[in-house]
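Below are the chains, spelled out letter by letter.
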Amino acid sequence: GRALGEADAQRGAGSGEWWRQREAAWAMLGLASESLCRRMRSANSRGRPPPPLEPAALLDSAEHLRADVGAASPPLLRARALCIAARFSGAAGSAAALEPYLHAMLASLAPTEPPLLRVAACRALCALCQHGPAQAVAAAASLFLSPVSELFRLGSDDVAMAAAENLSLLLQHSAETVRAE
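Along each chain, residue indices are assigned from 1 in the same order as the chain's sequence is written. The predicted origin of the model limits local features to residues at a pLDDT of at least 70 and limits the giving and counting of side-chain atom pairs to 80 or more, whereas totals for whole chains, interfaces and linings rest on all residues. Working from all heavy atoms in the structure, the side-chain values ignore hydrogens and water.

### Quick word on the overall build of the protein chain
Part 1 of the argument: When helices and strands are counted, the protein chain shows nine helices and zero strands.
Part 2 of the argument: Elements are defined by DSSP. Helices are runs of H or I of four residues or more, strands are runs of E of two residues or more, and each kind is numbered from the N terminus. When the helices and strands of the protein chain are placed in sequence order, the string is α-α-α-α-α-α-α-α-α.
Part 3 of the argument: Exposure classes here rest on a 1.4 Å probe applied to the protein chains alone. A residue is buried below 20% of its type maximum, exposed above 50%, and partly exposed in between. Burial analysis of the protein chain (181 residues in total) assigns 45% to the buried set.
Part 4 of the argument: Within the protein chain, contacts between residues at least 6 apart in sequence are counted, and of these 63% link residues at least 24 apart.
Part 5 of the argument: When the accessible surface of the protein chain is split by element, carbon and sulfur atoms take 55% of a total near 9,400 Å². Residues count as neighbours in contact if any of their non-hydrogen atoms are within 4.5 Å of one another. Per-residue accessibility takes into account occlusion by the displayed protein chains alone, with areas from the Shrake-Rupley method and a 1.4 Å probe.

Rendered as structure tokens:
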């Protein structure tokens, strides 16, 4: 909270470096994501109050996380925010709560975006496929096949492996949707 507030103050003061503080805050939160999600699941199963920072509330926060995945944010901030959204996607109250992040991931995979952002969006999508609600991924899977396939053109073995893993997960979710119908 404090780091995000400081970043907002820097932005309001006209600093061009405001986003670095926000990116660092998301990086710190990413380090604690598994612990926070575990505490939330434990609290829910035992009927206890949720942790101070509830992952579902974070995903719903238009003021912070959703704003940082938008096209107006610097690419590194967008990349970090997409990864955080993916890490917390399992805590989403509904598939609809993830729609803004799926749209942002799709936009970030566009060939006109910097390679760093495209690769980060691919990795975030992979994490969302693994942790998020299956119905959210299945509904959008076909939209991602072409943009993820385009990543093979970047020519990196690491990127190709990430794209291949992602395509596998997307096809798996698509197949599950077809079987369910």
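### Considerations on the packing of helix α6 (residues 99-108) against helix α7 (residues 115-131)
Part 1 of the argument: Relative orientation of the contacting elements α6 and α7 amounts to 145 degrees, with a least axis distance of 8 Å. The two elements α6 and α7 meet at a crossing, and its hand is left-handed. Across the interface between the two elements, L102, M105 and S108 from α6 touch L117, R118, A121, A124, L125 and L128 from α7.
Part 2 of the argument: In terms of residue class, the contact of α6 with α7 is built from seven nonpolar, one polar and one charged. Every axis in this analysis is a line fitted to C-alpha atoms, fitted for helices over the stretch in contact. Angles between the N-to-C directions lie between 0 and 180 degrees. Each crossing gets its hand from how the near helix is turned against the far one by less than a right angle, where anticlockwise is left-handed and clockwise is right-handed. Only Asp, Glu, Lys and Arg are considered charged, only Ala, Val, Leu, Ile, Met, Phe, Trp, Tyr, Cys and Pro nonpolar, and every remaining residue, Gly among them, polar.

### Focus on the side chain of E23
Part 1 of the argument: Residue placement: E23 occurs in helix α2 (residues 18-46).
Part 2 of the argument: Given the relative accessible area of 13%, E23 is considered buried.
Part 3 of the argument: Polar contact is the term for a pair of N or O atoms within 3.5 Å; when the atoms are in protein, one must be able to donate a hydrogen and the other to accept it, and sequence-neighboring residues count only if both atoms are side-chain atoms. There is a polar contact of 2.7 Å between the side chain of E23 and the side chain of R80.
Part 4 of the argument: Setting aside residues no more than four positions away along its own chain, E23 makes contact with L76, L77 and R80.

### Observations concerning the environment of L154
Part 1 of the argument: By the element assignment, L154 lies in the loop between α8 (134-149) and α9 (157-180).
Part 2 of the argument: Judged by relative accessible area, L154 falls into the partly exposed class, the value being 33%.
Part 3 of the argument: When the C-alpha positions of L154 and V119 are compared, they lie 9.5 Å apart, and in sequence the two are 35 residues distant.
Part 4 of the argument: Excluding anything up to four places from it in sequence, L154 contacts P115, R118, V119 and V159.

### Points about α8
Part 1 of the argument: Expected span of a helix: the number of residues minus one, times 1.5 Å. Its 16 residues give α8 an end-to-end C-alpha distance of 21 Å, which sits within 8% of 22 Å, the value for a rise of 1.5 Å per residue.
Part 2 of the argument: At A141, α8 is deflected by roughly 60 degrees, the largest bend along its length.
Part 3 of the argument: Burial in α8 covers these residues: A136, V137, A138, A140, A141, F144, P147 and V148. To get the bend at a residue, fit one axis to the 7 residues ending there and another to the 7 starting there, then take the angle between the axes.

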